[in-house]
Amino acid sequence: MRMKRCCLLFCMTAVMSFAACGGKMEHPGEEPGTESGFIQTDAESEGTSFDETVEREAESTEAILGDRRPMVMVNGELYLDTGEVSDITARCGTMDGEITSEVDGSEIPTKDDQSNFGTGYGYQYVDENSIDIFLPYGSDSDDMRWIRFEKEKTTAEE
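Residues numbered from 1 in each chain as written. Predicted model: local features only at pLDDT ≥ 70, side-chain atom pairs only at ≥ 80, totals over all residues. Heavy atoms only, no water.

A. Geometry of the pattern of salt bridges. If you walk through the whole model with that rule in mind, you get 4 salt bridges. Arg 148 is paired through a salt bridge with Asp 87; the nearest N and O atoms lie 3.0 Å apart. One end of the pair, Arg 148, is in strand S8 (residues 140-151); the other, Asp 87, is in the loop between strand S2 (77-85) and strand S3 (97-98), and 61 residues separate them in sequence. Relative accessible area serves as the criterion here: at 11%, Arg 148 is assigned to the buried category. A relative accessible area of 61% means that Asp 87 is categorised as exposed. A salt bridge links Asp 132 to Arg 91; the nearest nitrogen and oxygen atoms lie 2.4 Å apart. Taken together, the residues span a long stretch of sequence, with Asp 132 in strand S7 (residues 130-137) and Arg 91 in the loop between S2 and S3 at a distance of 41 residues. Connected through salt bridges with shared partners, the residues Asp 87, Arg 91, Asp 132 and Arg 148 form a single ionic network. (Salt bridge = Lys/Arg side-chain N within 4 Å of Asp/Glu carboxyl O. Helix = DSSP H or I, 4+ residues; strand = E, 2+ residues; numbered from the N terminus. Buried < 20%, exposed > 50% of the residue type's maximum accessible area, 1.4 Å probe, protein only.)

Here you go:
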């Protein structure tokens with residue numbers, strides 16, 4: 001009986017070893033389906049020029065990046081959209097500031113009162129880490145709501 005168990009254990013180990021050898025292991029940061037992090041370019045496979053390949057890969061990278069999370073720079077601090085409607089019900093009618101310039105949706109704002117989602121929106125400070133911005137909400141551009149933005153946290157703050 002003991003011999004049968006040993007034989008069974010050996011067979012199971014051998015089967016699992018062979019199964020593991022047949023699969024490809026991908027390393028962190030490596031694209032799926034590539035070997036050792038090297039990607040065969042379209043130029044290598046289709047005979048296109050190097051310039052055409054670089055241009056195609058740049059377009060592909062832009063499509064992958066897409067638009068960034070909505071953010072705004074206020075007083076040298078970057079505030080990121082939390083995706084939450086503000087919980088403050090009573091407000092004063094005076095805005096603390098207004099977004100006056102914008103960068104593309106794929107960029108990060110670098111100047112005060114600059115966003116990556118548009119201009120003309122007023123904001124009010126909530127506390128030392130948050131501001132609320134009066135923005136269109138949902139698919140109806142006439143429905144305006146206060147949306148919470150929080151200060152970007154640095155590694156030391158986390």
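From this point on, the discussion continues.
B. Local environment of a negative patch on the surface. There is a patch of like negative charges on the surface, built from Asp 67, Glu 102, Asp 104 and Glu 107. Tracing the backbone shows Asp 67 in the loop between helix H3 (50-65) and strand S1 (71-74). Asp 67 sits in the exposed class, given a relative accessible area of 64%. (Patch = residues over 30% accessible without salt bridge, like charges linked within 9 Å, V, L, I, M, F, W, Y side chains within 5 Å. Areas by Shrake-Rupley, 256 points an atom, 1.4 Å probe, with all protein chains shown as cover. Lys, Arg positive; Asp, Glu negative; His and termini not counted. Charge placed at Lys NZ, Arg CZ, Asp CG, Glu CD.)

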